[in-house]
Amino acid sequence: MLWRGDGGGTSIDAIRKDGPYRTRVGRSTAGRRRGRAGLVAALSAIAALALGCGDAGAVIVHLPGKTLGYQPLSGAAPTPIKPLLDGKPPSSGNSKSGKPLLYNGGPVMTSNTNYALYWDPSGAPAYPAGYEQGIDRYFEDLAHDSGGNQNTDSVLVQYYDEAGEHANYDSHFGGALIDTDPYPANGCSAAPICLTDQQLRTEIKKYVEANGLPAGLAHEYFLLTPPGVESCFEAAGHSCSAGASHAAYCAYHGYISASVGVLIYANDPYVDGIECDVGEEHPNGNPSDATIGGGLSHEHSESVTDPELNAWYDAKEEEIGDKCRTFNEATEYGEALGIAPDGAKYNQAIDGDLYYYQQEWSNEAGGCEQRSALLPIVKKAAPKKGPASGGTPVTITGANFIGPVTVEFGETPATEVTVESSASLTAVSPAGAPGSKVSITVKTASGTSAVVKKVSFKYLKK
């Protein structure tokens, strides 16, 4: 049974601070460091499969006993090494096709509490100054603007599960966690420090269980390793992180079955100045910009809409981020909103902070978006009158009723709202002044519908 949790944060002060673990919470000014290198052509591979692929590759990979979704590097035509473990040929992404994501029956994250997990044992390579604070700030910013339509998280709310629950923009920052456990002996040989996915999964599970941290579909753990610490899907090392030989991915996400419940996680290796970096577009002048733009935001969006790799992806097994991983700046990032003080472009402004990272696929828009631009539209409402005491179910038809929805009769919220589809909902009228006539409007994360004269409700005098 999956434990969904309550979507709230966890008190980091309650987590054990002795032994091999310590924790940190709080926000400090991000350090400054100029990014370098652009999106470098490299390899897009599936574990034990291919070194290189055209656009995005088959980005859900099926390994023995697990499934992962990864963000591929850009590259040339594929050169197969071994057949896919699931027998499927590689595919290439095409955001221009307009083909939608398909629902495959699995859950979405109806809220998400994010944890930044830094694996930082004594003697390990150091994180650059300001890096951890920059990552923490991003999660804090997402939480601050939660529920709005200022960034790509607002695009996610159109996706839902079989129970009709949406991937709401309901984001929280659970805190920064520091794991000081030593790295295990290398499980792969693609870098001086090289860990397999299984080793990463083992450590995340161990850390969460040892510290009594929450599990379930409302929590995600982002493992952030320092420069020089690389990873591979398997011990064979055919598909590894950008800084390793046989480089294939920028980051990936998956889930772990544990005694405490399902653990949603993402592996975000350090990518500043190497493949996956967004080049000089570091609006914070911080190496954390490379991680956020080069994988973390991508995996966050895919985890929310496809946490167990069985919810939303298209016929080519490309998830919400993969369809916009085009390696073309205009389509992948969209139009820049402006220029940051350090001269870098930005396309996201979250809690006043500036970021530059890829867009996400919108089924409703039929393309990639920086933020949801689909305002709700109201067309009809029936019945048009009811008692002043309230309690009348009113059916409202229109369009773009996506994600968390509220309905107002005049300036008073409906007492209950049931969304049947993106084009129909039922709202129960609140109490109103006898004889008054009020407009009916619908509000989503994208904004509020325009007032339509014929869509109104009259309160009876008796």
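A. Region of interest: the sheet that holds strand β25 (residues 416-421). Spatially, four strands are ordered β20-β22-β26-β25 in an open sheet, and the strand pairing comes out antiparallel. In the strand order of this sheet, the two ends are held by β20 (377-382) and β25, each with one partner. Within the sheet, the average angular offset between the axes of one strand and its neighbour, ignoring direction, is 25°. One ladder, built from five bridges, connects β20 with strand β22 (residues 393-399); its direction is antiparallel. Bridge assignment links Ala381 to a residue of β22, and that residue is Ile396.

B. Layout of the environment of Ser303. Within the element layout of this structure, Ser303 appears in helix α3 (residues 288-305). On the accessibility criterion, Ser303 (0% relative accessible area) is buried. Each C-alpha atom, one on Ser303 and one on Glu319, is 9.5 Å from the other, the two residues being 16 residues apart in sequence. Not counting the four nearest positions on each side in its chain, Ser303 is found in contact with Met109, Glu220, His253 and Ile264. Reaching out from Ser303, the side chain makes a polar contact with the side chain of Glu220 at a distance of 2.7 Å. Among the polar contacts listed, one links the side chain of Ser303 to the backbone oxygen of Glu299, at a separation of 2.8 Å.

C. Examining the environment of Ser446 more closely. Positionally, Ser446 belongs in the loop between β27 (437-444) and β28 (447-448). C-alpha of Ser446 to C-alpha of Asn400: the two residues are 46 residues apart in sequence and 9.2 Å apart in space.

D. Highlighting the nonpolar core. Among the nonpolar cores identified, the biggest contains 28 residues, and Leu68, Leu177, Ile204, Tyr221, Phe233, Tyr252 and Leu263 are the most heavily contacted of them. When sequence neighbours within four positions are dropped, the list of residues in contact with Leu263 reads Lys205, Val208, Pro214, Ala215, Tyr221, Gly254, Tyr255, Ile256 and Ala258.

E. Quick look at the packing of helix α1 (residues 131-144) against α3. Where α1 contacts α3, the two axes come as close as 10 Å, and the packing angle between them is 40°. In terms of orientation, α1 lies oblique with respect to α3. Of the two possible hands of crossing, α1 and α3 adopt the one that is right-handed. Touching Tyr131, Gly134, Ile135, Tyr138, Phe139 and Leu142 of α1 are Ser288, Thr291, Ile292, Leu296, Ser297 and His300, all from α3. A breakdown of the residues in the contact of α1 with α3 according to their chemical character gives seven nonpolar, five polar and no charged.

F. Molecular detail of α3. In this model α3 runs 24 Å from its N-terminal to its C-terminal C-alpha over 18 residues, within 8% of the 26 Å that 1.5 Å per residue would give. A maximum bend of about 45° is found in α3 at Leu296. Of all 18 residues in α3, 18 are buried, a share of seventy percent or more.

G. Summary view of the packing of aromatic side chains. Throughout the structure, instances matching the rule amount to 22 aromatic pairs. Between the aromatic rings of Tyr70 and Phe233, the centroid separation amounts to 5.6 Å while the plane-to-plane angle is 70°, which identifies the pairing as edge-to-face. Residue Tyr70 is found in strand β3 (residues 66-72), and its partner Phe233 is found in the loop between β9 (229-232) and β10 (240-241); the two are separated by 163 residues along the sequence. Exposure class is identical for Tyr70 and Phe233. Each is buried. The interplanar angle of 15° and the centroid separation of 4.7 Å between the aromatic rings of Tyr333 and Tyr356 together place this pair among those described as stacked.

H. Focus on the side chain of Thr426. Tracing the chain through its elements places Thr426 in strand β26 (residues 424-428). When near neighbours in sequence (up to four residues on either side) are disregarded, Thr426 contacts Pro393, Val394, Thr395, Glu416, Val417, Thr418 and Glu420.

I. Structural context of the pairing of strand β6 (residues 171-179). With eight of nine residues buried, β6 is to be regarded as a mostly interior element. Pairing of strand β5 (residues 112-119) with β6, which is carried by eight bridges, proceeds in the parallel orientation. Paired with Leu117 across the bridge in β6 is Leu177.

J. Quick peek at the state of the cysteines. Applying the stated criterion across every chain yields a total of four disulfides. In this model Cys232 forms its disulfide with Cys240; the gap between the sulfur atoms is 2.1 Å. Because the torsion about its S-S bond is 100°, the bridge between Cys232 and Cys240 counts as right-handed. Just as Cys232 is buried, Cys240 falls in that class too. Counting only the cysteines that take part in disulfides, in the order they occur along the chain, gives the pairing 1-2, 3-4, 5-6, 7-8.

K. Region of the structure containing the pairing of β25. Looking at chain direction, β25 and β26 are connected through five bridges and run antiparallel. Bridge pairing in β26 links Val417 to Ala427. The loop that links β25 with its antiparallel partner β26 comprises two residues.

L. Up close: the environment of Tyr265. Structurally, Tyr265 is set in strand β12 (residues 261-268). Looking at Tyr265, the relative accessible area reads 1%, which means it is buried. Along the primary structure Tyr265 and Gly254 are separated by eleven residues, whereas in three dimensions their C-alpha atoms are 5.6 Å apart. Those residues in contact with Tyr265 that lie beyond four places of it in its chain are Leu68, Asp197, Arg201, Ile204, Glu220, Tyr221, Tyr252, His253, Gly254, Tyr255 and Ile256. Here the side chain of Tyr265 touches Asp197 through a polar contact of 2.8 Å, side chain to side chain.

What counts as what
- Residues numbered from 1 in each chain as written.
- Predicted model: local features only at pLDDT ≥ 70, side-chain atom pairs only at ≥ 80, totals over all residues.
- Heavy atoms only, no water.
- Pairing = 2+ DSSP bridges.
- Helix = DSSP H or I, 4+ residues; strand = E, 2+ residues; numbered from the N terminus.
- Axes fitted to C-alpha atoms, helices over the stretch in contact; angles between N-to-C directions.
- Buried < 20%, exposed > 50% of the residue type's maximum accessible area, 1.4 Å probe, protein only.
- Contact = heavy atoms within 4.5 Å.
- Polar contact = N/O pair within 3.5 Å; in protein donor to acceptor, adjacent residues only side chain to side chain.
- Core = buried A, V, L, I, M, F, W, Y, C linked by side-chain atoms within 4.5 Å.
- Parallel < 35°, antiparallel > 145°, perpendicular 65-115°, else oblique.
- Left-handed = near helix turned anticlockwise from the far one by under 90°.
- Nonpolar A, V, L, I, M, F, W, Y, C, P; charged D, E, K, R; others polar.
- Expected span 1.5 Å × (residues − 1).
- Bend = angle between axes of the 7 residues up to and from the residue.
- Phe/Tyr/Trp six-rings, centres within 6.5 Å; stacked < 30°, edge-to-face > 60°.
- Disulfide = S-S within 2.5 Å.

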